[in-house]
Amino acid sequence: MANSSFLGHVHYVVTSNPVTLMAMTLFAIIVLTAILGPSLVAYDPLATTSQALEPPTWQHWFGTDHLGRDVFSRVVVATRLDLMISVSAVLLSFVVGASLGGIAGYWGGWLDSTLGRMLDTIMAFPLFVLAMGIVAASGNTIQNVVIATAIINLPFYARVARAEVVVRRQSGWVLAAQLAGNGPWRILFGRVLPNALPPMMVQISLNMGWAILNAAGLSFIGLGVRAPTAEWGIMVAEGAGYIVSGEWWLVIFPGGALMLAVFTFNLLGDGLRDIFDPQRRT
Amino acid sequence: MTSFAPEAALNAFLTLEHLSVEFRTRHGIVSAVNDISLSLARGETLGIVGESGSGKSVTSYALLGLLDRAGRVTEGSAVYSGISLIPASESTMRDIRGREISMIFQNPRAALNPIRTVGKQIQDVLLQHAQCTRQTARRRAIEALENVRIRDPHQRVDAYPFELSGGMCQRVVIAMALACKPRILIADEPTTGLDVTTQRAVMALVCELTREHGMATILITHDLGLAGEYCDRVSIMQKGRIVESGSARQIFHRPSHAYTRKLVKATPHAAENVRDLLPDDEKSPLPPIGLDDVRPRRPLLEIQELRRHFAGKRSWTDVLACRPATVFEAVKGISLEIWPGESVGLVGESGCGKSTTSSMIMRLLDPTDGAIRFKGQDITLINRQAFVHHAMRRSLQMVFQDPTDSLNPRFSAADSIADPLRRLMGMSHRDTIAARVAQLADMVGLPQDLLTRLPHQLSGGQKARVGIARAIASEPDLLILDEPTAALDVSVQAIVLNLLVDLRARTGMAYLFVSHDLEVVRLLCDRVIVMRSGEIVEHGPTTQVLNQPSHPYTCELLAAAPRPPIEAHVEPEFSHD
């Protein structure tokens, strides 16, 4: 019963709210593009030709760049890389942040103060500059971009998790779980944190958009992903110099893809929360 | 369908006719109030009594135009001394609300703005209705506080809500409601969540002020006893309809509707035993309590000089000045014992230390000092973390106060009941667990098909049953019941109390029944312990303590319980229609 009613609930959430329906549809398109991207496009995103800087035509929908590469193919193929960076960064910060915040909130006391101040220290830096510093110091790889993005997002998850755990740790069902012979770890990770999921879901979806921007931002300034890899941030960076001379398509299309992705993730939040909240099931 | 006395209608200054209210929900339109007619005369107190979901609060919200967006008045009219309230424009209602008709809400703390002083909040109301100028506002606010018998109103006017007790907050809310001298006061469960003695003080105040100002009052409550004591007339609501109206005496002595009879019966004021709370056709003979004739050699639980202190906040200035933190003594060295199979009542008002005591017995909280001997072994010597996996854990279980709060929102009823089976009883096979869960559900009278439901899909009574089934799953020897029926409607309370009596007869568990409700304790317990400010003030057999109390505080508690207009131990004559 649990499974079918969960699907029924997803169906209800999606159909009752047109915004959620739109966000879910866009999300599905983005995910499909990420999976199928390379096989959808007509040109090799890395192949240079002599047709440089051509405006959009029927052959090249989004035009070509300064090396004659097809912008449409590059925008589509870049989806996978950008999505992978942001998803893994957000997952990493969600898992670590929620655990640290949960532990701080559940045990309280000096543990709470210590963890809290440590995470506050991260917040004390301008986050993008901190990410730049981490990538610059630890090496210019995609893996380090993911780790840097995860670190600067940690405090947000830890704070949400801590607040949710503090509210719930003295509730009757947590006491009842203790009486039923559950140890503190099982109660925290098996009982309390799953109940904190709905508000964290909102945080995740907002963060996904932010993580994509962050990854693109880092590659825009030349950190992390490097040319000639197809990536929205690099494409915007490379195209930026051509805006003045009127080659607008180099920037508009990858920038638009970036905007659409961020927009989708931000819209997704409420729907995800509703889906993960058992109270909203009937 | 409801007919009110014609003379009442004549000098009525509030009449409500054929009111129907609907709510738009996920499952379509739900009718909350169905064709209700009421009238209120000057100086009269009208009680609207019903269980949760009967539509009693919705009626008052509709009257004041406070329905939320999903709600809609579909039919009916309301007239207050010539002014139409339904239908009415929002600007009319804004003038009426507060100045002509005021309302007191259920939770006084939630009704007050936590970051404004109470004086400022009273001034807001006065200024809003142009009852005073900025210069006189403060003086008028102090007067308003004086009116509701708050001591030191000059200081209290600058207090924030969190600095006041629950009873005090309710007085402030009443002061706000009465600040503009309204003609009608609607009190929606004004004393739910307050102690009995506070309840008595608040209700006495409301009645006194009603007389003083010549107001009319509508008291909305689930407590028939309360309505019976303080109201002139009572209307009983069930499922959005008024099923019966009449004088309070009439309702108690000659209830004509079956539902009223059920409610009157379920109100534990004159019942001889728990079975009297149930309707006649649902009664079964009371099982004999299987206490052995020979007393067991030693008590099941023995508490000696148990103490618990809570340290107050110590600011850094205190630390520098080497001032010790202020210490609050929640439990001040109490001793008690519980024998196997016995049912003991622990009675007291909020803050008396009864919950702290039960948490310590459950090993959810470490005592500051003293011994808790369970089956002869001092369990305070076992580390609290280690006790979770200790063999004793399964013998000590507890049913929590709020059935909703005590169930994990993500766990189905079966998951909740299976939890102690997995952890404490070492059951791991899916089928054995399912079989035992089904057996436990049977024991507490929970239908099997509800086992897959999540807590919010269950009613209050069903949630209470799940909580009880979980607590008895590990076959405990001592079960602490922390106000297990405080959050339930009276008819559900009657059923749950009977269930508890049956379970005890069947399993031979000992009960420690923590409660503030002496009438419930009378029905369930062999012995009573009365606590006040962390100390035991009186203890003894139930009949002795409740009939010949020796301590003045016990007398005060007994006197504070609402007395409906009914002679004790006289079977009400039911006119069968």
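Draft legend 1. Up close: the overall build of chain B. When you go through chain B residue by residue, the secondary structure sums to 22 helices and 20 strands. Relative to the compact-globule value of 25 Å for 577 residues, chain B shows a C-alpha radius of gyration of 26 Å, a close match. Counting only C-alpha atoms, chain B reaches 75 × 70 × 50 Å along its principal axes. Split into buried and exposed, the 577 residues of chain B put 46% on the buried side.

Draft legend 2. Up close: the overall build of chain A. For chain A, the helix and strand inventory stands at 11 helices and 0 strands. Traced from its N-terminal end to its C-terminal end, chain A shows the element sequence α-α-α-α-α-α-α-α-α-α-α. Seen through its principal axes, chain A has C-alpha atoms that stretch 75 × 45 × 25 Å. Taken over 282 residues, chain A has a buried fraction of 45%. Here the contacts in chain A between residues at least 6 apart in sequence split such that 70% fall between residues at least 24 apart.

Draft legend 3. Highlighting the packing of helix α4 (residues 109–124) of chain A against helix α6 (residues 142–168) of chain A. Residues and elements named next belong to chain A. Contact geometry for α4 and α6: axes closest at 9 Å, N-to-C directions at 130°. With respect to α6, the element α4 is oriented oblique. Seen along the crossing, α4 lies across α6 with a hand that is left-handed. Contacts from Leu-119, Ile-122 and Met-123 in α4 reach Ile-151, Ile-152, Leu-154, Pro-155 and Ala-158 in α6. Classifying every residue of the contact of α4 with α6 gives 8 nonpolar, no polar and no charged.

Draft legend 4. Inspection of the pairing of strand β6 (residues 101–104) of chain B at higher detail. All names here are of chain B. Of the two faces of β6, the one holding Ile-101 and Met-103 and the one holding Ser-102 and Ile-104 are both buried throughout. The pairing of β6 with strand β7 (residues 184–188) spans 4 bridges and is parallel. Residue pairing across strands places Ser-102 opposite Leu-185, the latter belonging to β7.

Draft legend 5. Inspection of the sheet that holds strand β17 (residues 478–482) of chain B at higher detail. Residues and elements named next belong to chain B. Spatially, 6 strands are ordered β16-β17-β18-β13-β19-β20 in an open sheet, and the strand pairing comes out mixed. On the outer flanks of this sheet lie β16 (396–399) and β20 (535–541), each paired with one strand and no other. Each strand of the sheet is rotated relative to its neighbour by a mean of 20°, with strand direction disregarded.

Draft legend 6. Just the interface of chain A and chain B, in detail. Between chain A and chain B, the contact holds 20 residues from the first and 25 residues from the second. With 7 residues, helix α7 (residues 172–179) of chain A is the single largest residue contributor to the side of chain A that touches chain B. Class assignment of the residues belonging to the side of chain A that touches chain B gives a composition of 9 nonpolar, 9 polar and 2 charged.

Draft legend 7. Summary view of α7 of chain A. The element α7 of chain A is extensively covered by neighbouring structure, given that 8 of its 8 residues are classed as buried. Its buried side turned inward, α7 of chain A meets α6 and α8 (184–195) of chain A together with β16, α16 (413–424) and α18 (460–472) of chain B. In the stretch just after α7 of chain A, Gly-181 of chain A is the one whose phi turns positive, near 90°.

Draft legend 8. A look at the sheet that holds strand β12 (residues 327–338) of chain B. Residue and element names in this part refer to chain B. Strand order in the open sheet formed by 4 strands is β12-β11-β14-β15, with antiparallel pairing between adjacent strands. Edge positions in the open sheet fall to β12 and β15 (377–378), since each of these has one partner strand only. As defined by bridge partners, strand β11 (residues 301–311) adjoins strand β14 (residues 369–374) across 5 bridges and the pair is classed as antiparallel. Pairing of Leu-301 across the sheet is with Phe-374, part of β14. Each of β11, β12 and β14 touches helix α14 (residues 354–361); the most contacted strand, β11, lies at about 115° to it.

Draft legend 9. Quick look at the packing of α7 of chain A against α8 of chain A. All names here are of chain A. Where α7 contacts α8, the two axes come as close as 11 Å, and the packing angle between them is 140°. On the basis of the axis angle, α7 is oblique to α8. When the axes of α7 and α8 are compared, the crossing they make is right-handed. Packed against α7, whose contacting residues are Val-174, Ala-177 and Gln-178, the element α8 presents Ile-187, Arg-191 and Val-192 at the interface. Counted by class, the contact of α7 with α8 contains 4 nonpolar, 1 polar and 1 charged residues.

Draft legend 10. Region of interest: helix α5 (residues 118–128) of chain B. Residues and elements named next belong to chain B. When we look at burial in α5, the residues that qualify are Val-118, Gly-119, Ile-122, Gln-123, Val-125 and Leu-126. Projection of α5 onto a plane perpendicular to its axis shows the buried side chains occupying an angular sector of 160°, all on one side. Residues of α5 that are buried in the fold lie against α3 (90–99), α6 (134–147), α7 (153–156) and α8 (166–178). Ala-130 sits one or two positions beyond α5 and adopts a positive phi of about 50°.

Draft legend 11. The environment of Arg-522 of chain B, seen in detail. Residues and elements named next belong to chain B. Residue placement: Arg-522 occurs in helix α20 (residues 518–524). Between the C-alpha atoms of Arg-522 and Gln-123, which are 399 residues apart in sequence, the distance is 46 Å. Beyond its immediate stretch of four places on either side in the chain, Arg-522 contacts Thr-542 and Leu-546.

Draft legend 12. A look at the confidence of the model for chain B. All names here are of chain B. Averaged over every residue, the pLDDT of chain B is 85; the share at 70 or more is 93%. Per-residue pLDDT stays below 50 along residues 1–9; that stretch engages in 12 contacts with residues further than four places along the chain or on separate chains. Scored below 50 in pLDDT, residues 568–577 makes 13 contacts in the model with residues more than four places away or belonging to other chains. Reported for the predicted complex are a pTM of 0.83 and an ipTM of 0.82.

Draft legend 13. Structural context of the pairing of strand β1 (residues 12–25) of chain B. All names here are of chain B. Sheet topology places β1 next to strand β2 (residues 28–41); 10 bridges connect them, and they run antiparallel. Along β2, the bridge assignment pairs Glu-22 with Ser-31. Between β1 and β2, which follow one another and run antiparallel, lie 2 residues. Pairing between β1 and strand β4 (residues 71–80): 8 bridges, direction antiparallel.

Draft legend 14. Representation of the environment of Leu-206 of chain A in the model. Residues and elements named next belong to chain A. Topologically, Leu-206 is positioned in helix α9 (residues 197–220). Accessibility expressed as a C-beta count within 10 Å gives 17 for Leu-206, which makes it partly exposed. Between the C-alpha atoms of Leu-206 and Ala-227, which are 21 residues apart in sequence, the distance is 28 Å.

Conventions and cut-offs
Residues numbered from 1 in each chain as written. Chains lettered and ligands numbered in written order. Predicted model: local features only at pLDDT ≥ 70, side-chain atom pairs only at ≥ 80, totals over all residues. Helix = DSSP H or I, 4+ residues; strand = E, 2+ residues; numbered from the N terminus. Rg over C-alpha atoms; globule rule 2.2 N^0.38 Å. Buried ≥ 20, exposed ≤ 12 C-beta atoms within 10 Å, placed from the backbone. Contact = placed C-beta atoms within 7 Å. Axes fitted to C-alpha atoms, helices over the stretch in contact; angles between N-to-C directions. Parallel < 35°, antiparallel > 145°, perpendicular 65-115°, else oblique. Left-handed = near helix turned anticlockwise from the far one by under 90°. Nonpolar A, V, L, I, M, F, W, Y, C, P; charged D, E, K, R; others polar. Pairing = 2+ DSSP bridges. Arc of directions from axis to C-beta. pLDDT = per-residue confidence, 0-100.

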